[in-house]
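The residues making up each chain are set out below.
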Amino acid sequence: MARGFRSGGAAALALVLAAPLAGADEVIDDELVINGEIPIVTQAPAPEHVEAFSVIRSGWTFRSPETQAMEMDDFDNPAILGVEAARDDFDASLGANGESCASCHESPEDLAGVRAVYPKWDDAAGEVQTIEMQVNECVTERMGAEAWPYDASRMVNMSALMSFVSRGEIVNVAIDGPAAETWQQGKDMYYTRYGQLELSCANCHEDNYDNMIRADHLSQGMVNGFPTYRLKNTKLNSVHNRFKGCIRDTMAQTFSPGSPEFVALELYVASRGNGLSVEGPAVRN
Amino acid sequence: MFAKPVACAAFLIVSGLAPLHAQEVVAPSAVSFTDMGGIETSLTGTPGDVAAGAELMNKGSGNCIACHKVTALSDLPFHGEIGPPLDGVATRWDEAQLRGIVANAKKTFPGTIMPAFYHTGPYVRPGDAFTGDAAKGDVAPLLSAQDVENVVAYLMTLDTYPE
């Protein structure tokens, strides 16, 4: 029972406690198989480093049946438009050398499985990199072109393509070795109570997942479905864009997409989902 | 013939003095909490307005039903389930304790997710409302002192458990 009905006295609280507490580790029946051929692991035993849960669940398991259904067939998934746009971009020549991504990485499918281990420590760069940073490394250092803005649709689409070719692969980001320090930074952020509302990620996504907060059904805040197509803003949204919104909503000064803080937070949050499938580009409300 | 004007003048003097006796609004930093986290005296000296309190339960910086179900407000959509339902809350806590819970619930429930509504920090990265930008200067409490009194007055009406 992670949530905090810490008693201030009053036997009356017992009444409150008698009400069913959500959360727990109930297992959901729903199964996600995309296009009838890609099975997606949407719930799995929690990795050792996530002490609060015994079962981790994809955000998909918290969505309405209608929203869930949109992800079961690529013809119904609006995010696939972004994937198609990125496929064109993958073959388009870019920058000083006239090369395309395909000049070096034959096809996007060549990069299958890559998404599942990102964010990842990069020795040469001496830092943890997100998939967006890795793409930009190729764009700038290998193709001699201008960096793509971190959160621009071109980048979000390419990120969607990188997820698409890894769908079904099991998320397995490394948290030890040279990544350990960044991971710890992300973990500290996860439990920091930001803003005037003094809310941490854990207050909502760990202590209260499966509860309603006003009209929203809280999930565990996993990133395995990113980038996500949101019905609310009818576009693909990057992980960092989501983080930015969640921190803003605590009445805090938020961080910027691509900032070192969000890279650390992404590594930590991604690692909480080790064991789920890469599911992006997913559909959410 | 002079009696009336004199009486009137006397009345004016009395009413002119009244503000001197009226209670000063207690600033967020000056609030004194009991060991249990309650606040014994009104923050303003002006009785709370139940209707204005009901409004804050739903809207603005209050938005209490984001986290609490309140059967008496069931005409409003989407009540949350983060905190306990507030039905019958006035039978569980007295007015002083409710005032303390609304002003700063962390004094009653250490570590609670419930925001402190009559409090001014210090905060981690305080923002400028919901813009995502840094706060400009000092942060005002989420609710004014009178807002707190109004909400408490509303909570005091929740003295039964609906069938």
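Keep in mind it's a predicted model, so treat the numbers as computed, not measured.

Undergrad: I tried to follow the overall build of chain A on my own but got confused; where do I start?
TA: Within chain A, the regular secondary structure consists of ten helices and eleven strands. Counting only residues that meet the buried cut, chain A has 54% of its 285 residues in that class. At a minimum sequence separation of 6, the contacts of chain A that also span at least 24 residues come to 66%.

Undergrad: Mind showing me how you'd approach the pattern of salt bridges here?
TA: Should the charged atoms of two oppositely charged side chains come close, the side chains can pair. All names here are of chain A. A full pass over the atoms with the stated rule returns 14 salt bridges over all chains. In this structure, the salt-bridge partner of Arg87 is Glu109, at a minimum N-O distance of 2.8 Å. Here Glu109 lies in the loop between helix 4 (101-104) and strand 5 (120-122) and Arg87 lies in helix 3 (residues 80-91), a separation of 22 residues in the sequence. Exposure remark for Arg87: the relative accessible area of 22% places this residue in the partly exposed category. Between Asp89 and Arg154 there is a salt bridge whose closest N-O contact spans 2.7 Å. Pair noted here: Asp89 is in helix 3 and Arg154 is in helix 6 (residues 153-164), with a separation of 65 residues, a long-range link. Overlapping salt bridges, with partners in common, bring together Glu71, Glu279 and Arg284 in one network.

Undergrad: In this structure, what is going on with the interface of chain B and chain A? I would like to understand it.
TA: Where interface size is given, it is often the accessible area lost as the parts come together that is meant. Taken residue by residue, the interface counts 42 residues in chain B and 35 residues in chain A. Between chain B and chain A, a total of about 3,200 Å² is buried, with carbon and sulfur atoms accounting for 59% of that surface. The largest share of the area that chain B buries against chain A comes from Ile82(B), Arg125(B) and Phe130(B), three residues that together contribute 21% of it. The interface formed by chain B and chain A holds one salt bridge in total. Residue Lys106(B) pairs with Glu198(A) through a salt bridge whose shortest N-O separation is 3.7 Å. In this assembly, chain B and chain A are joined by 14 residue pairs in polar contact (both at pLDDT 80 or more). For the side of chain B that touches chain A, the per-class residue count stands at 26 nonpolar, eleven polar and five charged.

Undergrad: For this particular structure, what's the right way to read the UniProt feature "domain: Cytochrome c" (unreviewed entry) in chain A?
TA: The UniProt feature table records "domain: Cytochrome c" (unreviewed entry) at residues 86-169 and 185-278 of chain A. Summarising residues 185-278 of chain A: 36% helix, 11% strand, and an end-to-end C-alpha distance of 24 Å.

Undergrad: Mind showing me how you'd approach the sheet that holds strand 10 (residues 235-237) of chain A here?
TA: Strand pairing within a sheet occurs via backbone hydrogen bonds; the two strands may be parallel or antiparallel. Residues and elements named next belong to chain A. In spatial order, the strands read 10-9-11; together these three strands make up an open sheet with mixed pairing. One side of each edge strand has no neighbouring strand; the edge strands of this open sheet are strand 10 and strand 11 (282-284). Averaged over all adjacent pairs, the angle separating strand axes in this sheet is 40°, with direction ignored. Examined bridge by bridge, strand 9 (residues 228-230) and strand 10 share three bridges and lie antiparallel to one another. Pairing of Arg230 across the sheet is with Lys235, part of strand 10.

Undergrad: Please explain the packing of helix 3 of chain A against helix 6 of chain A as it appears in this structure.
TA: Axis angle and axis distance: for two packed helices, these are the angle between their axes and the distance between the axes, and together they describe the pair. All names here are of chain A. At a minimum axis distance of 8 Å, the contact between helix 3 and helix 6 shows a crossing angle of 100°. Judged by the inter-axis angle, helix 3 sits roughly perpendicular to helix 6. Where helix 3 abuts helix 6, its residues Ile80, Gly82, Val83, Ala85, Ala86, Arg87, Asp89 and Phe90 lie against Arg154, Asn157, Met158, Ala160, Leu161, Met162 and Phe164. Among the residues forming the contact of helix 3 with helix 6, the class breakdown is ten nonpolar, two polar and three charged.

Undergrad: Explain the side chain of Asp89(A) to me, please; I cannot follow it from the model alone.
TA: Residue Asp89(A) is classed as buried on the basis of its relative accessible area of 19%. Those residues in contact with Asp89(A), other than ones at most four positions away along the chain, are Cys101(A), Trp148(A), Arg154(A) and Met158(A).

Undergrad: I would appreciate a short explanation of helix 5 (residues 131-142) of chain A in the present structure.
TA: Helical geometry: 3.6 residues make up each α-helical turn, so side chains three or four residues apart lie on a common side. Residue and element names in this part refer to chain A. When the terminal C-alpha atoms of helix 5 are compared, their 15 Å separation across twelve residues agrees well with the 16 Å that a helix rising 1.5 Å per residue should span. Counting buried positions over the twelve residues of helix 5 gives nine, a clear majority of the element. Along helix 5, the positions that sit buried rather than exposed are Ile131, Glu132, Met133, Gln134, Val135, Asn136, Glu137, Cys138 and Val139. Packed against the buried residues of helix 5 are strand 5, strand 6 (127-129), helix 6 and helix 10 (260-272). Just downstream of helix 5 lies Gly144, where phi reads positive at about 65°.

Undergrad: Looking at this structure, I do not really get the environment of Thr140(A). What am I missing?
TA: Residues and elements named next belong to chain A. Checked against the element boundaries, Thr140 lands in helix 5. For Thr140, a relative accessible area of 29% translates into the label partly exposed. For the pair Thr140 and Gly95, spaced 45 residues apart in the sequence, the C-alpha separation amounts to 8.4 Å. Filtering out sequence-adjacent residues up to four positions away, Thr140 remains in contact with Ala145, Glu146 and Ala147.

Parameters and conventions
Residues numbered from 1 in each chain as written. Chains lettered and ligands numbered in written order. Predicted model: local features only at pLDDT ≥ 70, side-chain atom pairs only at ≥ 80, totals over all residues. Heavy atoms only, no water. Helix = DSSP H or I, 4+ residues; strand = E, 2+ residues; numbered from the N terminus. Buried < 20%, exposed > 50% of the residue type's maximum accessible area, 1.4 Å probe, protein only. Contact = heavy atoms within 4.5 Å. Salt bridge = Lys/Arg side-chain N within 4 Å of Asp/Glu carboxyl O. Buried area = accessible area lost by both parts, 1.4 Å probe. Polar contact = N/O pair within 3.5 Å; in protein donor to acceptor, adjacent residues only side chain to side chain. Nonpolar A, V, L, I, M, F, W, Y, C, P; charged D, E, K, R; others polar. UniProt positions renumbered as here; feature names shortened; annotations may be inferred. Pairing = 2+ DSSP bridges. Axes fitted to C-alpha atoms, helices over the stretch in contact; angles between N-to-C directions. Parallel < 35°, antiparallel > 145°, perpendicular 65-115°, else oblique. Expected span 1.5 Å × (residues − 1).

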